[in-house]
Amino acid sequence: SSLRVVYAFAREMHPKTTDVFIQYGTAGFRTKAILLEHVVYRMGLLAVIRSRVKNGRTIGMMITASHNLEPDNGVKLVDPDGEMLEEEWEAHATKLANVSDNDLEATTMEIIQEVKADMTLKASVFIGMDTRYTSPRLAAAAANGVIALKGTPKEFGIVTTPMLHFFVKCRNDNSYGTPTEEGYYEKIIGAYKNMRKSLPTKGDYSPCLYVDGANGVGGKKLKNVKKNFDEEELELHLFNLGGSGEKLNLGCGADHVKVTQTPAKGIPSTPYQRIASLDGDGDRLVYYYTDDKDKMHLLDGDRIATLLASYITELLQRCETTEVQLGIVQTAYANGASTKYITDTLKIPVQCVKTGVKHLHSAAHKYDIGVYFEANGHGTVLYSSKAKNVISRIAREGDPEPREAAKLLSQFIEMTNETVGDAISDLLLVETVLCARGISALQWMQLYTDLPCRQLKVTVADRNAIQTTDAERQCTSPEGLQQRINELVAKYPSGRAFARPSGTEDIVRVYAEAESQLEADTLAAEVCQAVF
Ligand code: 16G
Ligand code: ZN
């Protein structure tokens, strides 16, 4: 059969060269790039099967290892609505990635039968990649996989992860936008420019923004974004754009800034200057500034979530509607001070879920408007069709005041990439709110005071010996560990700590917060001891 030819081809072109087991984790497959070629080829096969199960709707494949260093790479699949691959399919992906070349054909047939794919249907797969030098080769392997099962690949070349998600969504639902890079800019930048027409620069807001591009794709794309603005609208100064000798994510980028709590290299130090830091594939964003004593102050995902949620709440109030309810979704990593601020000051419902975008995304769908962010800077806002309908009705038919607010909110919705966290879209949303409020980074920081915190990692024999419950905030195994953590935490006022197995590395992560940095550091170290 023609399939047989396909598998012979696979063995020759993209042979499995390693016996190391690989798992489709929270962010797809991610490991050393040299171990990935057969995996990506096989994901091309799976993407075609997935597309057929979805009646020929387009599936996405993104080649990236996000904030990891250059030698790593990865692949993840994107479902037709631009969302992460459905969790049940992760097992199919893992199975297909690990079978021997000899068993590839039989396993593919098994999966086709199990998911009842009609292999006579058309299939369409969109492929994107980050700037890693190993990405083009992997993207080609992906396309070969798609072609092998007679699907149609479309390669977008170097794009951010959220752009690829956006293209997939638009291709399957053309009311969302045009599935091209130009279509993406048109929608998001268009909305920003429109909004700024009714929100002139005021108060202590300055449109001057420094950007740390992590030497990855996000910063490069911001060059295109920048062209569209005059300096009154947004004055972007771009750094770490991946020039020669500048290494991806090394000493810079959102993950570096968040985890090490130190500034990115390569950026001129200007006290109190707002700096936006992206990650390597442009789906995370944190802000920071350094003060006149060169101390860094981080404005992380929690900070962005509270800023966006409070502004949307204000606009909803001005719309004079009570039909639309807003909620915030966080993870265990959210700073305790942010959760308290949301509950006590903003008075917005807040929920904690397990780490990983798919968990936050689905929880956020349950609200009319759901704002979700991980502390690491990955997040977005989801608006239900009910919310969109109510808002556009008020924008058309409301009294003058509510109508104005509803128009602003409609633009805010346009500016949001609802498929997944998007550093470029989030950056424009944040700038809009800071401008609307007329506040500086310092004033944004003063809205509440973070508890000092520390993240550490521990290497253990078997990380899965640690099991958790209550959105990863409590350990259920090994026995006695949670009690030990409780005892340690009890020593520190406002102390909080947890340990969880990483979903992306073979380690256990420990988080602690307390009233002083020294206490947070000590508590984190003590919990590491308890885990080890
Ligand atoms: C992945 C997740 C991210 C999460 C991180 C946790 C996606 C797209 N990405 O990068 O949301 O914060 O894993 O990693 O879901 P960890 O399990 O190693 O702590
Ligand atoms: Zn990323």
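Because the structure is a prediction, the values reported are computed rather than measured.

**Here we look at the overall build of the protein**
The helix and strand tally for the protein stands at 18 helices and 19 strands. Against the globule reference of 24 Å for 532 residues, the protein gives a C-alpha radius of gyration of 23 Å, in line with a compact fold. Each principal axis of the C-alpha atoms in the protein carries an extent, and together these give about 70 × 60 × 50 Å. For the protein, the residues scored as buried account for 60% of the 532 residues in total. Taking the contacts inside the protein whose residues are at least 6 apart along the sequence as the reference set, 70% of them involve residues at least 24 apart. Accessible area for the protein stands at about 21,300 Å²; split by element, carbon and sulfur atoms hold 51% of it. The positive charge centre, built from 60 side chains, and the negative charge centre, built from 69, are 3 Å apart in the protein.

**Topic: the domain arrangement of the protein**
When the domains of the protein are assigned, the result is domain 1 (2-158), domain 2 (202-297), domain 3 (301-445) and domain 4 (453-531). For domain 1 versus domain 3, the distance between C-alpha centres works out to 34 Å. Across the boundary between the two partners, domain 1 contributes seven residues, which contact nine residues of domain 3. Across the interface of domain 1 and domain 3, roughly 590 Å² is buried in total on both sides, 59% from carbon and sulfur atoms. On the domain 1 side of the interface with domain 3, the three residues burying the most area are Thr26, Glu83 and Met84, jointly 63% of the side's total. Summed over the shared surface of domain 1 and domain 3, the number is one salt bridge. At the junction of domain 1 and domain 3, the tally comes to three residue pairs in polar contact (both at pLDDT 80 or more). A class-by-class count of the residues in the side of domain 1 that touches domain 3 yields one nonpolar, two polar and four charged.

**Looking at the packing of aromatic side chains**
Within this structure, the stated rule accounts for 16 aromatic pairs. Plain terms: the ring middles of Phe156 and Phe167 are 4.5 Å apart, the flat faces sit at 25° to each other, and that makes the pair stacked. Of this pair, Phe156 sits in strand β5 (residues 152-158) while Phe167 sits in helix α6 (residues 161-172), placing them 11 residues apart in sequence. No difference in accessibility class separates Phe156 from Phe167, as the two residues are buried. Ring geometry for Tyr333 and Phe498: centres 5.1 Å apart, planes at 70°, overall edge-to-face. Linking Tyr333 in the loop between β11 (326-331) and α11 (336-346) with Phe498 in strand β18 (residues 496-501), this pair joins segments that are 165 residues apart in sequence. For Phe498, a relative accessible area of 2% puts it in the buried group. Following the ring pairs from residue to residue traces out a cluster consisting of Phe126, Phe156, Phe166, Phe167, Tyr176, Tyr184 and Tyr185.

**Brief notes about the coordination of the zinc ion (ligand 2)**
Every protein donor of the zinc ion (ligand 2) is accounted for by Ser66 (OG), Asp279 (OD), Asp281 (OD) and Asp283 (OD), and the metal-donor separations fall at 2.0 to 2.1 Å. What the four donor atoms of the zinc ion (ligand 2) show is an angle range of 89 to 168° at the metal, which sorts the shape as irregular. The motif formed by the donor residues of the zinc ion (ligand 2), counted along the single chain, is S-x212-D-x1-D-x1-D. The pair formed by Asp281 and Asp283 is uniform in burial state, with each residue classed as buried.

**With respect to helix α17 (residues 481-490)**
Along α17, the residues that are buried comprise Leu481, Gln482, Ile485, Leu488 and Val489. Looking down the long axis of α17, one finds its buried residues gathered within 120° of arc, a one-sided arrangement. Projecting away from the buried face of α17 at angles above 90 degrees are the exposed residues Gln483 and Ala490. Turning to α17, the residues buried within the fold contact β17 (474-477), β18 and α18 (517-531).

Conventions we followed
Residues numbered from 1 in each chain as written. Chains lettered and ligands numbered in written order. Predicted model: local features only at pLDDT ≥ 70, side-chain atom pairs only at ≥ 80, totals over all residues. Heavy atoms only, no water. Helix = DSSP H or I, 4+ residues; strand = E, 2+ residues; numbered from the N terminus. Rg over C-alpha atoms; globule rule 2.2 N^0.38 Å. Buried < 20%, exposed > 50% of the residue type's maximum accessible area, 1.4 Å probe, protein only. Contact = heavy atoms within 4.5 Å. Areas by Shrake-Rupley, 256 points an atom, 1.4 Å probe, with all protein chains shown as cover. Lys, Arg positive; Asp, Glu negative; His and termini not counted. Charge placed at Lys NZ, Arg CZ, Asp CG, Glu CD. Domains from an automatic or database assignment. Buried area = accessible area lost by both parts, 1.4 Å probe. Salt bridge = Lys/Arg side-chain N within 4 Å of Asp/Glu carboxyl O. Polar contact = N/O pair within 3.5 Å; in protein donor to acceptor, adjacent residues only side chain to side chain. Nonpolar A, V, L, I, M, F, W, Y, C, P; charged D, E, K, R; others polar. Phe/Tyr/Trp six-rings, centres within 6.5 Å; stacked < 30°, edge-to-face > 60°. Donors = N, O, S within 2.8 Å, 3.2 Å for Na, K, Ca; no water. Tetrahedral: all angles 85-135°; square planar, octahedral: opposite > 155°, others 65-115°. Arc of directions from axis to C-beta.

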